[in-house]
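Descriptive analysis of the structure
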Amino acid sequence: AELANLVNEAALLAGRRELTEVHQSEFEDSIMRIVAGIEKKRSLLGPRERPVVARHEVGHALVGSAVARIVAGAPVVEKVSIVARSGGALGFTYFPPPEERMLVFADELGGQLATLLGGRAAEEVACGRISSGASDDIKRATSLAYRAIAELGLSQKIGPLSLPALSAGEEDSLLLRQGGGNLEQAAEKEVTLLINRALLVAKEVVEMNLGLLEEMAVYLEEFEHIEGDLLYEYLDRTEIPPMLEDFVSSKHVWSS
């Protein structure tokens, strides 16, 4: 069904462009439409918002690039844009969908968390003030961190337990409370600690690559998109702080 939708979208796009054949560019643009919505004709950002959104998106790209260099299976960013889309995003950093497989590993989850918070980190470090632009990133990061802690058993403190399964059991009042403590509260605390660590790591990546971030953001402000060889030339210069390598390692990501 997804493939059929993609083919139909590409065919419609080719028709709008008055083409007699569907080319790779129509498929690529159709994927972007499906993933992030239809791109507006031009950026809707005002002069105060444009620099912030540019640095926000470059923050995602830099952290994601650093993660991809050290985590097997992590996606490589393919496009950065500050043109709004119909889905509501003011900017967009495109990572290709992951290959279909049955397992996701702890280091990949750690990398995803850091990448999701790369935009917020860039705002804090490069803009000196934060905006509401990271609200969806924070929501997604919180959901991912909670799932890792409460459902996948990836917290050393909580252990290999599924809190939803315990809550559904008849003896949940006994299982969820240990010595007067509450496992749900403990899980929420672990989630908070994990999110804060991911943000700290993302800020470390941004600070180490601040000159590169500014260079990319200035280009993005002027031309609104970075992709292809130019994007890869920029991202090849990304430096990786030891803190990131330590964070995504399975030995440290989930420990308090």
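Residues numbered from 1 in each chain as written. Predicted model: local features only at pLDDT ≥ 70, side-chain atom pairs only at ≥ 80, totals over all residues. Heavy atoms only, no water.

Digging into the pattern of salt bridges
- Enumeration over the complete set of coordinates arrives at seven salt bridges.
- In this structure, R55 and E214 form a salt bridge, with 2.9 Å as the shortest nitrogen-oxygen distance. In this pair, R55 is assigned in helix 3 (residues 49-70) and E214 in helix 10 (residues 210-223), connecting sequence segments 159 residues apart.
- A relative accessible area of 9% places R55 in the buried class.
- Classification of E214 by relative accessible area gives partly exposed; the value is 26%.
- For the salt bridge of R237 with E215, the shortest nitrogen-to-oxygen distance reads 2.9 Å. Taken together, the residues span a long stretch of sequence, with R237 in the loop between helix 11 (228-235) and helix 12 (242-248) and E215 in helix 10 at a distance of 22 residues.
- Assessed through its relative accessible area of 36%, E215 is described here as partly exposed. (Salt bridge = Lys/Arg side-chain N within 4 Å of Asp/Glu carboxyl O. Helix = DSSP H or I, 4+ residues; strand = E, 2+ residues; numbered from the N terminus. Buried < 20%, exposed > 50% of the residue type's maximum accessible area, 1.4 Å probe, protein only.)

Some thoughts on the packing of aromatic side chains
- Following the criterion strictly, the structure yields three aromatic pairs and no others.
- Aromatic pair F92 and Y94: ring centres 5.9 Å apart, planes at 40°, arrangement tilted. Taken individually, F92 and Y94 each receive the classification buried, so the pair is uniform in this respect.
- Measuring from ring centre to ring centre gives 6.4 Å for Y219 and Y234, while their planes differ by 65°; the resulting arrangement is edge-to-face. With Y219 in helix 10 and Y234 in helix 11, this residue pair connects regions lying 15 residues apart in the sequence.
- We classify Y234 as buried; its relative accessible area is 8%.
- Connected via pairs of aromatic rings, a cluster forms that spans Y219, F223 and Y234. (Phe/Tyr/Trp six-rings, centres within 6.5 Å; stacked < 30°, edge-to-face > 60°.)

Some words on the nonpolar core
- With 52 residues, the main nonpolar core has L113, M216 and L244 as its most contacted residues.
- Here this core takes 11 residues from helix 9 (residues 183-208), the largest share from any one element. (Core = buried A, V, L, I, M, F, W, Y, C linked by side-chain atoms within 4.5 Å.)

So, the sheet that holds strand 5 (residues 225-227)
- If you walk across this open sheet you meet the three strands as 2-1-5, and the pairing is antiparallel. Two strands bound the open sheet, and with one partner strand each, they are strand 2 (92-94) and strand 5. The average undirected angle you get between the axes of adjacent strands in this sheet is 5°.
- Across three bridges, the pairing between strand 1 (residues 79-81) and strand 2 is antiparallel. Among the inter-strand pairings, S81 is bridged to a residue of strand 2, identified as F92.
- Across the sheet, helix 10 touches strand 1 and strand 5, and the angle it forms with strand 5 is around 120°.
- Against the sheet, helix 11 engages strand 1 and strand 5, with an angle of about 80° to strand 5. (Pairing = 2+ DSSP bridges. Axes fitted to C-alpha atoms, helices over the stretch in contact; angles between N-to-C directions. Contact = heavy atoms within 4.5 Å.)

Quick notes on helix 10
- End to end, helix 10 covers 20 Å across 14 residues, agreeing with the expected 20 Å (1.5 Å per residue, within 8%).
- Summarising the contacts, the buried residues of helix 10 are in contact with helix 3, strand 1, helix 5 (118-127), helix 9, strand 5 and helix 11.
- Remark: E224 follows helix 10 within two positions and exhibits a positive phi of approximately 75°. (Expected span 1.5 Å × (residues − 1).)

Considering a nonpolar patch on the surface
- Where nonpolar side chains cluster on the molecular surface, the patch consists of M102, L103 and F105 and spans about 400 Å² of accessible area.
- Summarising the element assignment, M102 is placed in the loop between strand 2 and helix 4 (106-116).
- When its relative accessible area of 82% is taken as the criterion, M102 is described as exposed. (Patch = residues over 30% accessible without salt bridge, like charges linked within 9 Å, V, L, I, M, F, W, Y side chains within 5 Å. Areas by Shrake-Rupley, 256 points an atom, 1.4 Å probe, with all protein chains shown as cover.)

Structural notes on the side chain of E108
- Residue position: E108 is located in helix 4.
- Excluding residues that lie within four positions of it along the chain, E108 makes contacts with V71, A72, G73 and R101.

A few points about helix 6 (residues 135-151)
- The terminal C-alpha atoms of helix 6 lie 23 Å apart, and with 17 residues this matches the ideal 24 Å at 1.5 Å per residue to within 8%.
- For helix 6, the full list of buried residues reads D137, A141, L144, A145, A148, I149 and A150.
- With its phi angle positive at about 65°, G153 sits one or two positions after the end of helix 6.

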